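# Residue-level structure breakdown
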Amino acid sequence: MAAEKKGGGDPPAEEEEEEDKNHGGANGGASPQKETDDEKKKEKKHSDRELLMCLLQPCPADSDPEYIGIRRLLLSRKSQSSILRRLDWRCNGKGYVAFRNYIRRPRNWEKDSLRTPSLQTTPGNSGRWIQPPSPLSLLCDVESWTPGRDVHSGSQPSSRRSFGSSTSDNDRPRRRGEQPAYSFVGMHCIFDQCRASVTVLKFGHMSSDLLAYGASDGTLTVCTVSDPPSILKHLNGHSKDVTDFDFSSNNQYIASSSVDKTVRVWEISKGLCIRVIYGVSPQLCIRFHPVNNNFLSVGNADKEITVFNFSTGRIIHKTSFDSQVTAMDHAHTGQIIFCGDGTGCIYSVSMNSHTGVLSRSHRHRSSSRQKSPVTTVEYRSFSLLARGPVLLTCTQDGSLSFFSVALEIQGYLTLRCSLKLTPRIYNIRASFCPLLSLEKGEYIVAGSEDSNVYFYDLTRPKHTCVNKLQGHRFPVIGVAWNHGENLLASSDFYGTVIVWKRSKAG
């Protein structure tokens, strides 16, 4: 008997379970209590009330049912808790993709997965996932659900659909071998602490990780998107909507404008307002001079652009226009200001970099019968399409215009191409796509009231929309690229800011 115990191997599992039950019964039922404690621990470990609340919310009438679950999962993930894993989605930072594959799984997939997988329904294997012990591990193990991909042969698909993106407005199929204009690997981080609409957001000058955004409740938030993402300062002082703000060239100061008729200058490191400039009308747009940071140009609802001395707050010069000045930007030389007004007109204004004196040079009238305010004016020093400096404008009625700029003729504008989008209710902004504008075409990124971020190629006569990002639940108002051109930030009407990470190959 001793030899059998020594070399006969372990007893069967069933005999051990019977012995444990008998032993538990002899000790007064300790085993059932232990099982109850284990169940409570598991419930605490896997309970996520916030995720459950997001998933149980009713679907909006205008939402896309295919992506509603994905959007709710995105909104439930905060930047502070990005390292937490949801249930069995224990992937290397790609729980979003795993969840998408799970909700897109075929019917009776769990039963079919126990059989030999067929080549037509087997998801691909990216080789970068942590294998969870769950039977749904195949869904967590893939990067994208591609019907024609073979796990055993390791063959790759002809094209990869980026996270949360599609090819066009009509989701037309992409040709074999055709790559998307912009592809994103997913969400870098989310800031959802703001309880009001985020009206404007920008990255710092020559900065890849400093991000700030202003809201309709008068608050400004400065944060960093480097690992780990965090909020640096809350700047409270405005009593109404923040309409615009700008970083100084050294990113030490922020100047902001507001509907409360004030301009405030903030010192970021201390989080304090160091100067308040009072006006007689809402201040709608603001810019630091790119060469002489002591000049601060402000457009207001009183049909004026006013140049202030940053150090003293005194008025240096002002010039009048035909309507309220709603958006502006400087040329890289600082000698020209481009601004848009409430009727859709674009002005070129000459500026003396030494004295700050302004003089109107040119005006480009809108060809539209319905006069709509300009929401975006953005200057770019070079474009492959125009072979020189260009200007992008966007109006509230959905008109995107692309101009070539003649700096030698005091900023004379020539319309190269335009794009008509759906009219908007909100002041939705647009921006150049900086990297691919020098490679393949002239790409523009813009928000939309259908809660998507769209990418447009102005060089295409048809199917201008080349990509879109889905993740917001409310109208996307602001978009901004960082200096490194690998992160895109977007903000929506509900106060959520999502930072998207661009793929290296895109």
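Source: prediction; values computed, not measured.

### What to know about the overall build of the chain
Secondary structure summary: the chain contains eight helices and 29 strands in total. A sequence separation of at least 24 residues applies to 49% of the contacts in the chain between residues at least 6 apart. Carbon together with sulfur atoms contributes 50% to the accessible area of the chain, which is approximately 25600 Å² in total.

### Some words on the sheet that holds strand 29 (residues 497-502)
With antiparallel pairing, the four strands of this open sheet are ordered in space as 2-29-28-27. Here the strands that pair on one side only, and so sit at the sheet edges, are strand 2 (184-191) and strand 27 (476-481). Here the strands of the sheet are splayed against their neighbours by 25° on average, with no regard to which way each runs. As judged from the six bridges shared by strand 2 and strand 29, these two strands associate in the antiparallel manner. In the sheet register, isoleucine 190 faces strand 29, and the bridge partner there is isoleucine 498.

### Let's talk about the pairing of strand 15 (residues 325-330)
Among the six residues that make up strand 15, six are buried, leaving the element largely enclosed by the rest of the structure. One ladder, built from five bridges, connects strand 15 with strand 16 (residues 336-341); its direction is antiparallel. Across the sheet, residue alanine 327 finds its bridge partner in strand 16, namely glycine 340. Taking the residues that link successive antiparallel strands as the turn, the strand 15-strand 16 hairpin has five residues, and the phi of glycine 334 there is positive, at about 80°.

### A look at the sheet that holds strand 16
Picture the strands of a sheet paired through backbone hydrogen bonds; they go either parallel or antiparallel. Taken together, four strands build an open sheet; the order of strands is 15-16-17-18 and the sheet is antiparallel. Sheet topology places strand 15 and strand 18 (358-364) at the edges, where each strand pairs with a single neighbour. Pairs of neighbouring strands in the sheet enclose a mean axial angle of 25°, with direction left out of account.

### Some details on the pattern of salt bridges
One side chain can pair with another of opposite charge once the charged atoms of both are near each other. What the rule picks out here adds up to seven salt bridges. Residues aspartate 397 and lysine 420 are paired through a salt bridge, measuring 3.6 Å at the closest nitrogen-oxygen approach. One end of the pair, aspartate 397, is in the loop between strand 20 (388-395) and strand 21 (399-406); the other, lysine 420, is in strand 22 (residues 412-420), with 23 residues separating them in the sequence. What makes lysine 420 exposed here is its relative accessible area of 51%. Close ionic contact of aspartate 457 with arginine 460 constitutes a salt bridge, the shortest N to O distance being 3.7 Å. Relative accessible area serves as the criterion here: at 26%, arginine 460 is assigned to the partly exposed category. It is possible to trace a salt-bridge network through shared partners that takes in Lys202, Asp244, Arg287 and Asp329.

### What to know about the environment of serine 216
By secondary structure assignment, the location of serine 216 is in the loop between strand 4 (210-215) and strand 5 (219-224). Separated by 25 residues in sequence, serine 216 and aspartate 241 have C-alpha atoms that sit 3.9 Å apart. Sequence-distant contacts of serine 216, defined by excluding residues within four places in its chain, comprise Ala196, Ser197, Thr199, Lys240 and Asp241.

### A word on the pairing of strand 20
Regular strands place their side chains on alternate faces of the sheet. Counting buried positions along strand 20 yields eight of eight residues, so the element is predominantly enclosed. Examined bridge by bridge, strand 19 (residues 374-383) and strand 20 share seven bridges and lie antiparallel to one another. Paired with threonine 376 across the strands is cysteine 394, a residue of strand 20. The antiparallel pairing of strand 19 with strand 20 creates a hairpin that spans four residues between the two strands, and arginine 387 there sits at a positive phi of about 60°. Direction of pairing for strand 20 relative to strand 21: antiparallel, over a ladder of five bridges. Paired with cysteine 394 across the two strands is leucine 400, which belongs to strand 21. Remark: three residues form the turn of the hairpin made by strand 20 and strand 21, two consecutive strands paired antiparallel; glycine 398 in that turn has positive phi of roughly 90°.

### Re the side chain of asparagine 251
Structurally, the position occupied by asparagine 251 is in the loop between strand 7 (242-247) and strand 8 (253-258). A distance of 2.8 Å separates the side chain of asparagine 251 from the backbone oxygen of histidine 205, its partner in a polar contact. Excluding residues within four positions of it along the chain, asparagine 251 makes contact with Gly204, His205, Ser207, Leu210 and Ile268.

### With respect to the environment of aspartate 227
Its place among the elements puts aspartate 227 in the loop between strand 5 and strand 6 (230-236). What makes aspartate 227 exposed here is its relative accessible area of 66%. For the pair aspartate 227 and aspartate 209, spaced 18 residues apart in sequence, the C-alpha separation works out to 9.3 Å.

Rules used in this analysis
- Residues numbered from 1 in each chain as written.
- Predicted model: local features only at pLDDT ≥ 70, side-chain atom pairs only at ≥ 80, totals over all residues.
- Heavy atoms only, no water.
- Helix = DSSP H or I, 4+ residues; strand = E, 2+ residues; numbered from the N terminus.
- Contact = heavy atoms within 4.5 Å.
- Areas by Shrake-Rupley, 256 points an atom, 1.4 Å probe, with all protein chains shown as cover.
- Pairing = 2+ DSSP bridges.
- Axes fitted to C-alpha atoms, helices over the stretch in contact; angles between N-to-C directions.
- Buried < 20%, exposed > 50% of the residue type's maximum accessible area, 1.4 Å probe, protein only.
- Salt bridge = Lys/Arg side-chain N within 4 Å of Asp/Glu carboxyl O.
- Polar contact = N/O pair within 3.5 Å; in protein donor to acceptor, adjacent residues only side chain to side chain.

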